[in-house]
Amino acid sequence: MITLQFNITNIHNTIHTTSPPSPTQSTVAQHQPIMATSDLPPKMRAWTLTSAGLTLSPSHPLPGSAPPTASSATTQSPPTITGNNLLLKITHAALNPVDLHILRLFPHWLPFRRNPTPGFDFCGRVVGAGPDVDTNEFTVGDVVCGALGAGDVFWGKGSLAEYLLVSSSLVAKKPKTWGGLNGGNEVSGEEAVGLFGIAGQTAVLMAQTAGVSSDADWKGKRCLVNGASGGVGSILTQILKGKGAEVWGTTGSAEGEELVTQCGGKVVNYKDHHPVTAHLAELFGEDKLDFIFDCAGSQDMFSQSPGYLKKEGKFISIAGGPSQGVVPYVKNKLRPVWLGRTPREFELLLLIPGKKTVREVGRLVEEGFIERGLVDGGVWEMEELVKAYERLGSGRAKGKVVIRVGE
Ligand SMILES: NC(=O)c1ccc[n+]([C@@H]2O[C@H](COP(=O)([O-])OP(=O)(O)OC[C@H]3O[C@@H](n4cnc5c(N)ncnc54)[C@H](OP(=O)(O)O)[C@@H]3O)[C@@H](O)[C@H]2O)c1
């Protein structure tokens, strides 16, 4: 149960529409700042964590804006976009379990993150770019997606805001259409935001960590995705299946079964089998798995893995943050086998979002390995954030929990 407070009295849905700041530049030229001629409002809406809980502020300064001085208390200077940063007008944000860890663990009053805005994942339109942005790569009007780094979010910069200043190295252009079977159909912002965000990039990292040298070499590999109906698992199942692997996915609900099947996986319902590890030994004891990808965090599944994972197989986990992860890391990876470690290779990953992973998601969408972006229920409106976080915090979301931030 989440106990985030929600100060509804602070919500005003109007954006201030006084005269827009003049654009600094209207043409695109390398080593010059580029800025859209579109009107930028002097302030934006953004969610912030305050002493009253999560609060939707109607008058958040635009990123890059100089703070108002005593003599200009009501006016904002236009944003200054430096280096290789892009100024984005956000259309969608997607939520991740790590948002909740940060909201719970790091209070709003810490000096380095006063009144922070949550959220890692974003999809939005480029409205301005700094002087070092490669204009062959990005220009005003492009729709891009990605995930902020942990440092950004710890410091209080989050994607649940109408405008976001982000390094161009953290983004990829949203493909216009899907490749593969879904070929030609439009990729919408609500589908793309989770794929290119933390979940999609983590799925890419998990697949890469398996060490299979080419897409073709995945053909026939036997894989289990534990937690296959969640944000990460639903994308990973598609990637593995798209590359030709045989994929089984665990879930404990009828909606989850439907989703795993949609992603190309065969269902293992963990509620129908107690313990599920005994069922895995029955299913795979004769013909063992090459890889187990754990998105749900099961120590038992690793400890019992010799019964269903090949000797040279790998168990790749993402569950357990840097602190909780210390115990499984020491127990499952560092401890010698003669002291009781399970004799199977164990990897515990921590995603650092970046160019390599975000652009690999783009390739996988364009080449048809990922065929859909699964959104849990419907898209939530900006004002519904607290309910959306409650849904995510239930641990039962199917696919990604997505927020519509703007047009
Ligand atoms: N290390 C990293 O860099 C990294 C990156 C991203 C995420 N993570 C972590 O990875 C985990 C998954 O993230 P996510 O975004 O995919 O979470 P999520 O979307 O909230 O996952 C929810 C899903 O988990 C399934 N689930 C819950 N308990 C399960 C169990 N015991 N067995 C199988 N499935 C179960 C639920 O399906 P049913 O209702 O059908 O059971 C639900 O569909 C989280 O712990 C997150 O913090 C780590």
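The preceding data block contains the structure.
Attention in this report is confined to the structure presented alongside it. (Residues numbered from 1 in each chain as written. Predicted model: local features only at pLDDT ≥ 70, side-chain atom pairs only at ≥ 80, totals over all residues. Heavy atoms only, no water.)

Moving on, we come to the packing of aromatic side chains. The final tally for this structure, using the stated rule, is 8 aromatic pairs. For the pair Phe112 and Trp155, a centre-to-centre distance of 5.0 Å together with 40° between the ring planes defines the contact as tilted. On the criterion of sequence distance, the pair formed by Phe112 in the loop between α1 (97-105) and β5 (121-129) and Trp155 in the loop between α2 (150-154) and β7 (163-167) is long-range, its members being 43 residues apart. In this structure Phe112 comes out as partly exposed when scored by relative accessible area, which is 35%. The class for Trp155 is exposed, based on a relative accessible area of 58%. Ring centres of Phe315 and Phe346 lie 6.0 Å apart, and the angle between their planes is 15°; on these two criteria the pair is classed as stacked. Residue Phe315 is located in strand β13 (residues 309-317), and its partner Phe346 is located in strand β14 (residues 345-348); the two are separated by 31 residues in the primary sequence. The exposure classification of Phe315 matches that of Phe346, with both residues buried. Clustering of aromatic rings is evident, with ring pairs tying together Trp218, Phe291 and Phe293. Here Lys243 stacks its cationic end above the ring of Phe369, 5.9 Å away from the centre of that ring. (Phe/Tyr/Trp six-rings, centres within 6.5 Å; stacked < 30°, edge-to-face > 60°. Helix = DSSP H or I, 4+ residues; strand = E, 2+ residues; numbered from the N terminus. Buried < 20%, exposed > 50% of the residue type's maximum accessible area, 1.4 Å probe, protein only. Lys NZ or Arg CZ within 6 Å of the ring centre and 35° of its normal.)

Attention now goes to the site of the ligand. Taken together, 25 residues lie near the ligand, and Thr251, Tyr270, Leu349, Leu351 and Ala397 sit nearest. In this structure, Ser229 approaches the ligand through a side-chain N or O atom, which is 2.7 Å from an oxygen atom. Within the contact set of the ligand, an oxygen atom lies 3.2 Å away from a side-chain nitrogen or oxygen of Ser253. Considered on its own, the ligand offers 930 Å² of accessible surface; in the complex 82% of this is hidden by protein. Of all the elements in the fold, those that place two or more residues in the shell around the ligand are α1, α4 (198-209), α5 (231-242) and β10 (246-251). Its residues assigned to classes, the shell around the ligand shows 11 nonpolar, 12 polar and 2 charged. Each of two domains, domain 1 (8-20 + 30-63 + 80-196 + 374-404) and domain 2 (198-348), supplies a minimum of three residues to the shell around the ligand. (Near = heavy atom within 4 Å. Polar contact = N/O pair within 3.5 Å; in protein donor to acceptor, adjacent residues only side chain to side chain. Areas by Shrake-Rupley, 256 points an atom, 1.4 Å probe, with all protein chains shown as cover. Nonpolar A, V, L, I, M, F, W, Y, C, P; charged D, E, K, R; others polar. Domains from an automatic or database assignment.)

The geometry of α4 relative to α5 is characterised by a closest axis approach of 8 Å and an angle of 50° between their N-to-C directions. Regarding the angle of α4 to α5, the classification is oblique. At the point where α4 passes α5, the crossing takes the right-handed sense. Facing α4, whose interface residues are Ala199, Gly200, Thr202, Ala203, Val204, Met206 and Ala207, α5 presents Gly231, Val232, Ile235, Leu236, Ile239 and Leu240. Each residue belonging to the contact of α4 with α5 can be placed in one class, and the counts come to 10 nonpolar, 3 polar and no charged. (Axes fitted to C-alpha atoms, helices over the stretch in contact; angles between N-to-C directions. Parallel < 35°, antiparallel > 145°, perpendicular 65-115°, else oblique. Left-handed = near helix turned anticlockwise from the far one by under 90°. Contact = heavy atoms within 4.5 Å.)

A few words now on the sheet that holds strand β12 (residues 289-294). Taken in spatial order, the 6 strands of this open sheet run β11-β10-β9-β12-β13-β14, and their pairing is parallel. Each edge of the open sheet is held by one strand with a lone partner, namely β11 (266-269) and β14. Looking at each pair of strands side by side, their axes are set apart by 20° on average, direction ignored. By the bridge criterion, 4 bridges tie β13 to β14 in an arrangement that is parallel. Residue pairing in the sheet places Ile316 in a bridge with Glu347 of β14. Those strands touched by α5 are β9 (222-226), β10 and β12, and its axis lies near 170° from that of β9. Its contacts with the sheet place helix α7 (residues 276-284) against β9, β10, β11 and β12, and it is angled at close to 145° to β11. (Pairing = 2+ DSSP bridges.)

Pairing geometry for β12 and β13, over 5 bridges, is parallel. Pairing of Asp294 across the sheet is with Ser317, part of β13.

Its location among the elements puts Ser167 in strand β7. Setting aside chain neighbours within four positions, we find Ser167 in contact with Asn84 and Asn85.

Take it as geometry only, folks, not as evidence of what the structure does.
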